[in-house]
Amino acid sequence: MDWLIPLIVVLVVVVAVAVALKTRSREAESIRNRGLALFSAGRALFSGVLEHAIGPEYRVFGKVRVADIVEPQRGR
């Protein structure tokens, strides 16, 4: 019976992680369905070409506004 409590804890953690991952995937799918993207297709293509051209020594970062990725909830 000493194994029962650790088993319950492990099951609760597994369920919590599964719920969190499912929620995240739903949010990501919702963003894709609304057509929101950080970069246009042209900018994304250029970014990929630029990263390939400069090699693994450097990293290319895009300039993204907070307003493009955060949407405040009403009533909070």
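Residues numbered from 1 in each chain as written. Predicted model: local features only at pLDDT ≥ 70, side-chain atom pairs only at ≥ 80, totals over all residues. Heavy atoms only, no water.

Colleague: Please provide a residue-by-residue account of the overall build of the protein chain, values included.
Modeller: When its secondary structure is counted, the protein chain shows 2 helices and 0 strands. By the burial criterion, 1% of the 76 residues in the protein chain qualify as buried. (Helix = DSSP H or I, 4+ residues; strand = E, 2+ residues; numbered from the N terminus. Buried < 20%, exposed > 50% of the residue type's maximum accessible area, 1.4 Å probe, protein only.)

Colleague: I'd like a rundown of the layout of surface pockets, residues and numbers included.
Modeller: Put simply, the second largest pocket is a space of about 170 Å³. What lines the second largest pocket is simply Phe 39, Arg 43, Phe 46, Ser 47, Leu 50, Val 60, Phe 61, Gly 62 and Lys 63. (1 Å grid on protein atoms, 1.4 Å probe; cavity = no way out; pocket = protein on both sides within 12 Å on 5 of 7 lines; lining within 4 Å. Points joined across faces, edges and corners; volume = space filled by probe spheres on them.)

Colleague: Give me the lowdown on helix α2 (residues 41-54), citing residues and values where you can.
Modeller: Look at α2: 20 Å from first C-alpha to last across 14 residues, which is about the 20 Å you get at 1.5 Å a residue. Where burial is concerned, little of α2 is hidden: 0 out of the 14 residues are buried. Positive backbone phi, at 80°, marks Gly 55, one or two positions downstream of α2. (Expected span 1.5 Å × (residues − 1).)

Honestly, that's just the spatial picture; any functional story needs more than this.
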